[in-house]
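Structural overview for review
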Amino acid sequence: TIDRSPTAKSFKAIADLVSEMEVEKVVVGLPIRLDGTRGDAVLRVEKFIERLQQFISCPIVGWDEKLTSYEAEERMRQAGLKAHERKKRIDEFAAVVILEDYIHLSNSKL
């Protein structure tokens, strides 16, 4: 997990990982509201994406992250993780859910 603060150090760490792993596309969760509207949080993430794009050459896709934290929490419970472990790893598990959703829905359109 990389510190998600929008600092040059974070962007460099992401860019290094993208290069090292030969990533073809980056998927970033967009915190769209349950009613489907886009609030200030989405605007902040879109600015993050714009800034990150300056550090990497592959495309960046914003993806609706609605209910991914809930799904991640459920998966961690089922895996037997204790509450303190779930709290530390929620972003990591939610990122997995976002990526799985993106891959599943992208492949279903092929």
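Since this is a predicted model, take the numbers as computed values, not measurements. (Residues numbered from 1 in each chain as written. Predicted model: local features only at pLDDT ≥ 70, side-chain atom pairs only at ≥ 80, totals over all residues. Heavy atoms only, no water.)

Here we look at the overall build of the protein
For clarity, the threshold we go by: Here a strand is any run of E in DSSP of at least two residues, a helix any run of H or I of at least four, and the numbering for each starts at the N terminus. Contacts between residues were defined by any pair of non-hydrogen atoms, one from each residue, lying within 4.5 Å. Note on areas: Shrake-Rupley with a 1.4 Å probe; residue coverage comes only from the protein chains shown. Here the positive residues are Lys and Arg and the negative ones are Asp and Glu; neither His nor the chain ends is included. Taken as the charge location is NZ of Lys, CZ of Arg, CG of Asp or CD of Glu.
On a plain count of helices and strands, the protein comes out with four helices and two strands. Going from N to C terminus, the protein has its helices and strands arranged as α-β-α-β-α-α. Each principal axis of the C-alpha atoms in the protein carries an extent, and together these give about 40 × 30 × 30 Å. When contacts within the protein are restricted to residue pairs at least 6 apart in sequence, long-range pairs at least 24 apart make up 60% of them. When the accessible surface of the protein is summed, it comes to about 7,900 Å², and 54% of that surface belongs to carbon and sulfur atoms. Positive and negative side-chain charges of the protein, numbering 18 and 19 respectively, have mean locations separated by a distance of 4 Å.

Quick look at the packing of aromatic side chains
Condition: Each pair of aromatic rings taken from Phe, Tyr and Trp, with Trp reduced to its six-membered ring, is defined by centres within 6.5 Å and is described as stacked if the planes are under 30 degrees apart, edge-to-face if over 60, and tilted in the remaining cases. Here's how the labels work: a residue is buried when its accessible area is under 20% of the maximum for its type, exposed when over 50%, partly exposed in between, all with a 1.4 Å probe on protein chains only.
Applying the stated criterion across every chain yields a total of three aromatic pairs. Between phenylalanine 11 and phenylalanine 55 the ring centres are 5.1 Å apart and the planes differ by 20°, which places this aromatic pair in the stacked class. Here the residue phenylalanine 11 occupies a position in helix 1 (residues 8-20), and phenylalanine 55 occupies one in the loop between helix 2 (40-53) and strand 2 (60-64), the gap between them amounting to 44 residues. Residue classification places phenylalanine 11 among the buried positions, given a relative accessible area of 0%. Taking the centre distance of 4.9 Å and the plane angle of 90° together, the rings of tryptophan 63 and tyrosine 102 count as edge-to-face. With a gap of 39 residues between them, tryptophan 63 in strand 2 and tyrosine 102 in helix 4 (residues 83-108) connect regions that are remote in the sequence. By relative accessible area, tyrosine 102 is classed as buried at 12%. Among the aromatic residues, those joined into a cluster by ring pairs are Phe11, Phe48 and Phe55.

Some remarks on the packing of helix 3 (residues 68-78) against helix 4
Rule in force here: For helices, the fitted line uses only the C-alpha atoms of the stretch in contact; every axis is such a line through C-alpha atoms, and the angle between N-to-C directions lies from 0 to 180 degrees. Geometric relationships in this document are graded by angle, where less than 35 degrees denotes roughly parallel, more than 145 denotes roughly antiparallel, 65 to 115 denotes roughly perpendicular, and other angles denote oblique. Take the far helix as the reference: if the near one is turned anticlockwise from it by less than a right angle, the crossing is left-handed, and if turned clockwise, right-handed. When residues are grouped by polarity, Ala, Val, Leu, Ile, Met, Phe, Trp, Tyr, Cys and Pro land in nonpolar, Asp, Glu, Lys and Arg in charged, and all others, Gly among them, in polar.
Remark: helix 3 packs on helix 4, axes separated minimally by 8 Å, with the N-to-C direction vectors making an angle of 115°. With respect to each other, helix 3 and helix 4 are oriented roughly perpendicular. Once helix 3 is placed against helix 4, the crossing between them reads as right-handed. Side by side, helix 3 and helix 4 meet where Thr68, Ser69, Glu71, Ala72, Glu73, Arg75, Met76 and Arg77 of the first sit next to Arg86, Arg89, Ile90, Phe93, Ala94, Val96, Val97, Ile98, Glu100 and Asp101 of the second. Counted by class, the contact of helix 3 with helix 4 contains eight nonpolar, two polar and eight charged residues.

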